[in-house]
Amino acid sequence: MRPARPLVLLILLALAAPLGACAGSHGARAWASQVCRTLAPWRTEIGSLTIRTQQQMTTRTTPGQAKENLMTLFGGARDASEKARAGVAEAGDPDVSDGKQIADGFVTSLAKVRDAYGRARTGIGALAITPAEGFYDQVAKVVTQLNQDYQASSLDTSNLKSTELQQAFDEVPECR
């Protein structure tokens, strides 16, 4: 049985080598593809939540219903943003010049978006629902702040300093 141990170690090493390669950097196209596959469902969810929030703001409901609905919407957006942030972080760093800084910028941006939705949810949760007029005025302030926070942290792939990544984001099918 002694000769089997070295064989087992060789097999484990052979299997571990490709896995180790996956944990490192990715080429520009592979990284852009993975990031876009992560961000596509997030963008769809955020778009859907934005439409529902706009509808919520124009539909006459009781302040209690509006508060509950908005907290659910903002909580959903926070959770979707965290899922996207984690997915982009999992993509690692692209194998391009300043790849780590670029990847960190994406992750940081998504964390800021997540936090903005979290603050909006907390802000709505703290509002008193009476008087109704005061409630809706305060909701408008929370939504205005959310919009400002969101715009300040938006992802903009057009400002990438890597020509390889710019080209990858323009060309890979997942990013179209």
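Structure shown above.
Just so we're clear, the structure is a prediction, and the values are computed from it rather than from any experiment. (Residues numbered from 1 in each chain as written. Predicted model: local features only at pLDDT ≥ 70, side-chain atom pairs only at ≥ 80, totals over all residues. Heavy atoms only, no water.)

Asker: So what exactly am I meant to see when it comes to unusual backbone geometry here?
Answerer: The bulk of non-glycine residues show a negative phi, and the bulk of peptide bonds are trans. Look at the link from T130 to P131: it is a cis peptide, with omega at -5°. Note on placement: P131 falls in the loop between helix 4 (99-125) and helix 5 (132-152). One non-glycine residue with positive phi stands out, namely D98, at about 60°. Relative to the helices and strands, D98 resides in the loop between helix 3 (63-90) and helix 4. Since its relative accessible area comes to 42%, D98 is described here as partly exposed. (Helix = DSSP H or I, 4+ residues; strand = E, 2+ residues; numbered from the N terminus. Buried < 20%, exposed > 50% of the residue type's maximum accessible area, 1.4 Å probe, protein only.)

Asker: I keep staring at the state of the cysteines and nothing clicks. Help me out?
Answerer: Working definition of a disulfide: a covalent bond connecting the sulfur atoms of two cysteines. Enumeration according to the criterion identifies 1 disulfide in this entry. What pairs with C36 in a disulfide is C175, and their sulfur atoms sit 1.9 Å apart. Its torsion about the S-S bond being 100°, the disulfide of C36 and C175 is classed as right-handed. Of this pair, C36 sits in helix 2 (residues 28-58) while C175 sits in the segment after helix 6 (163-171), and the two are 139 residues apart along the sequence. (Disulfide = S-S within 2.5 Å.)

Asker: Quick question: what am I supposed to make of helix 5 here?
Answerer: A turn of α-helix holds 3.6 residues, and therefore any two residues three or four places apart point the same way. The end-to-end C-alpha distance of helix 5, which contains 21 residues, comes to 30 Å, matching closely the 30 Å that a straight helix rising 1.5 Å per residue would cover. Along helix 5, the positions that sit buried rather than exposed are F135, V139, V142, V143, L146 and D149. Relative to the axis of helix 5, the buried residues are bounded by an arc of 125° and lie together on one face. Away from the buried face of helix 5 by more than 90 degrees, exposed residues E133, K141, Q151 and A152 are located. (Expected span 1.5 Å × (residues − 1). Arc of directions from axis to C-beta.)

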